[in-house]
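Architecture and fold: a report
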Amino acid sequence: MMSHSVVSVRVPAKLNLDLSVGPVRPDGFHELATVYQALSLFDELEVSERGDGRGLRLSVGGRETAGVPTGPDNLAWRAAELAAEAYGRVPDLSITIDKGIPVAGGMAGGSADAAGVLRACAQLWDPSGEAEPELGDLAARLGSDVPFALLGGTAVGSGRGETVTSAMGSGKFHWVLALSEGQLSTPAVYRKLDEIRGSGATPRPAVRPEVLLAVRSGDAHALGRALRNDLQPAACSLMPVLEMLLALGPEHGALGALVSGSGPTCAFLVADQDSALELAVALSASGLCRAVRRAVGPVPGASVVD
Ligand code: C5P
């Protein structure tokens, strides 16, 4: 029996520290200016060559797997097909995903898995990096958040989110994440924002200098004040409980709070681990969310694990 290579990859969740949403483009996407941060909630992937010519097999396990597809509807599946095409291979792979990133929560778990598969395929099929199809380009074809999941750290995103540039930063930020009951559809949240905005002209999106300054100096108090998400009013309008959940932050020591991406996860910035624990207990006791997680950021993007 032939032995086949196995690659393990770890990929982080993302949070948008600033999400400025501009006008709708002709392709239906919104022009964005955003500051991403990768948080220490991880999906772990194992990708191996099957060697039996039977194609792709995807299995999903871990803390939360409800509703995660195990076929072509999963972005990780499409990532494997795209990588195979780019490297001139047959996608004869077994992919196992252990999910630690909240599913459908606005933390880009699906995008993370796609980025993880791209990283794993590069390791399997081009370990010396000679063939080098641009992973970032492949990632951008898969989804707006996939390039950032490869990059990690803290980064500025533009275009529809897919053009990413690392931002300078210092220190670690402590986060508490409240996982909401139910789900919000990303296209529906964007549509709601358009509806709230009405027919007036929408300014071009821009990230706020305060956010980048706070990240650079590692100043959690300044970052707490500067957090912003243009999608938040739309997410809260579709799911009013989010408003109540966010209000608990300042009452229990949070330096800032916002909806993560298109939601419905809410993210709270706190000063340190003790504050994180205190807030986590209060959020759990509130009965307004189904689970609470603690995380730090920034952390690296999709990485091969030895
Ligand atoms: O790129 P991604 O597949 O994550 O986008 C999901 C949906 O979110 C898009 O189909 C679109 O409705 C909305 N979206 C948008 N503008 C963006 C990113 C996403 O309108 N910049």
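What counts as what
- All residue numbers refer to positions counted from 1 along the written sequence of the respective chain.
- With pLDDT at 70 or above as the cut-off, local features in this predicted model cover only qualifying residues; side-chain atom pairs require 80 or more to be listed or tallied, and sums for whole chains, interfaces and linings still use all residues.
- In computing side-chain values, all of the structure's heavy atoms are included and hydrogens and water are not.
- Using a 1 Å grid laid over the protein atoms alone, points where a 1.4 Å probe fits but cannot get out form a cavity; open sets with protein on both sides within 12 Å along at least 5 of 7 lines form a pocket; any residue with an atom within 4 Å of a point counts as lining.
- Grid points are joined across faces, edges and corners, and a volume is the space filled by probe spheres set on the points.
- Secondary structure elements are defined from DSSP: runs of H or I of at least 4 residues count as helices, runs of E of at least 2 residues count as strands, and each element is numbered from the N terminus.
- Any residue outside Ala, Val, Leu, Ile, Met, Phe, Trp, Tyr, Cys, Pro, Asp, Glu, Lys and Arg is labelled polar, Gly included; the first ten of those are nonpolar and the last four are charged.
- Whether a residue is near a molecule or strand is decided by its heavy atoms; if any one of them lies within 4 Å of it, the residue is near.
- Identification of polar contacts relies on pairs of N or O atoms within 3.5 Å, with a donor-acceptor requirement for protein atoms, meaning one able to donate a hydrogen and the other able to accept it, and with residues adjacent in sequence counted only if both atoms are side-chain atoms.
- Under the convention used here, a 1.4 Å probe and the Shrake-Rupley method define accessible areas, while residue burial counts only the protein chains that appear.
- The disulfide definition used here is simple: a pair of cysteine sulfur atoms within 2.5 Å.
- Type-normalised accessible area, obtained with a 1.4 Å probe on protein chains alone, sets the label of each residue: buried when under 20%, exposed when over 50%, and partly exposed for intermediate values.
- Aromatic rings from Phe, Tyr and Trp, taking only the six-membered ring of Trp, are treated as a pair when their centres fall within 6.5 Å; an angle between ring planes under 30 degrees marks them as stacked, one over 60 as edge-to-face, and anything in between as tilted.
- We treat Lys and Arg as the positive residues and Asp and Glu as the negative residues; His and chain ends play no part in the count.
- Just to be clear on terms, a salt bridge is a Lys or Arg side-chain nitrogen sitting within 4 Å of an Asp or Glu carboxyl oxygen.
- Here, residues are in contact when the closest pair of their heavy atoms is within 4.5 Å.
- When we speak of the arc, we mean the arc of directions from the helix axis to the C-beta atoms.
- Strands are labelled as partners when DSSP assigns at least two bridges between them.
- Axes here refer to lines fitted to C-alpha atoms; in helices the fit is confined to the stretch in contact. Angles between the N-to-C directions go from 0 to 180 degrees.

Now for empty space enclosed by the protein. Scanning the model with the defined rule gives one cavity of 30 Å³ or more in all. As a volume, the largest cavity reaches approximately 30 Å³. Residue lining of the largest cavity: Pro12, Ala13, Lys14, Ala108, Ala112, Asp145, Phe148 and Ala149, and that is the complete set. Secondary-structure elements contributing two or more residues to the lining of the largest cavity are strand 1 (6–24) and helix 4 (146–151). In terms of residue count, strand 1 provides more of the lining of the largest cavity than any other element does, three residues in total. By residue class, the composition of the lining of the largest cavity is six nonpolar, no polar and two charged.

Quick look at the site of the ligand now. Near the ligand, the surroundings consist of Gly28, Phe29, His30, Leu32, Gly143, Ser144, Arg160, Thr186, Pro187 and Tyr190. Contacts to the ligand include Ser144, whose side-chain N or O atom sits 2.5 Å from an oxygen atom. Measuring from a nitrogen atom of the ligand, one finds a backbone N or O atom of Arg160 at 3.0 Å. Considering the ligand on its own, with 450 Å² of exposed area, one finds that the protein chains cover 73% of that surface.

A word on the state of the cysteines. If you walk through the whole model with that rule in mind, you get zero disulfides. With no disulfide of its own, Cys289 has Cys266 as its nearest cysteine by sulfur position, at a separation of 8.5 Å. Judged by its relative accessible area of 11%, Cys289 falls in the buried class.

Time to look at the packing of aromatic side chains. The final tally for this structure, using the stated rule, is two aromatic pairs. Arranged with centres 4.5 Å apart and planes meeting at 5°, the rings of Tyr36 and Phe148 form a pair that is stacked. Of this pair, Tyr36 sits in strand 2 (residues 30–49) while Phe148 sits in helix 4, and the two are 112 residues apart along the sequence. Phe148 matches Tyr36 in its accessibility class, with the two residues each being buried. Between Tyr87 and Trp125, the ring centres sit 6.0 Å apart and the planes meet at 65°, which makes this aromatic pair edge-to-face.

Turning to the layout of surface pockets, a few remarks are in order. Size it by volume and the largest pocket reaches roughly 1,200 Å³. Ser111, Asp145, Thr186, Pro187 and Ser262 are the residues nearest the centre of the largest pocket, which is lined by 44 residues in total. The element contributing the most residues to the lining of the largest pocket is helix 5 (residues 186–197), with five residues. Of the residues contributing to the lining of the largest pocket, the split by class is 17 nonpolar, 18 polar and nine charged.

Position of Arg160 relative to the elements: it lies in the loop between strand 5 (154–158) and strand 6 (163–166). Buried within the structure, Arg160 lacks any salt-bridge partner; Glu162 is the closest side chain of opposite charge, at an N-O distance of 4.4 Å. Aside from chain neighbours lying at most four places away, what touches Arg160 is Arg25, Phe29, His30, Leu32, Ala140, Gly143 and Ser144.

Residues Val211, Ala214 and Val215 constitute the buried set of helix 6 (residues 209–217). Projected onto a plane normal to the axis of helix 6, the buried residues spread over an arc of 100° and lie on a single side. Relative to its buried face, helix 6 has exposed residues pointing more than 90 degrees away, namely Pro209, Leu213 and Ser217. Looking at the packing, one finds that the buried side of helix 6 touches strand 1, strand 2, strand 5, strand 7 (173–179) and helix 7 (220–226). Looking one or two residues beyond helix 6, the residue adopting positive phi is Gly218, at roughly 65°.

With respect to topology, four strands assemble into an open sheet ordered 9-10-7-11, the strand pairing being antiparallel. Looking at the sheet topology across the chains shown, the edges are occupied by strand 9 (256–259) and strand 11 (291–297). Pairs of neighbouring strands in the sheet enclose a mean axial angle of 25°, with direction left out of account. Strand contacts of helix 9 (residues 241–251): strand 7, strand 9 and strand 10 (266–270), with the helix running at about 5° to strand 10, the strand carrying the most contacts.

By the secondary structure assignment, Glu162 is in the loop between strand 5 and strand 6. Separated by 18 residues in sequence, Glu162 and Ser144 have C-alpha atoms that sit 4.6 Å apart. Each residue touching Glu162, except ones within four places of it in the same chain, is listed here: Ala140, Ser144 and Pro147.

Read these as geometric descriptors, not functional statements.
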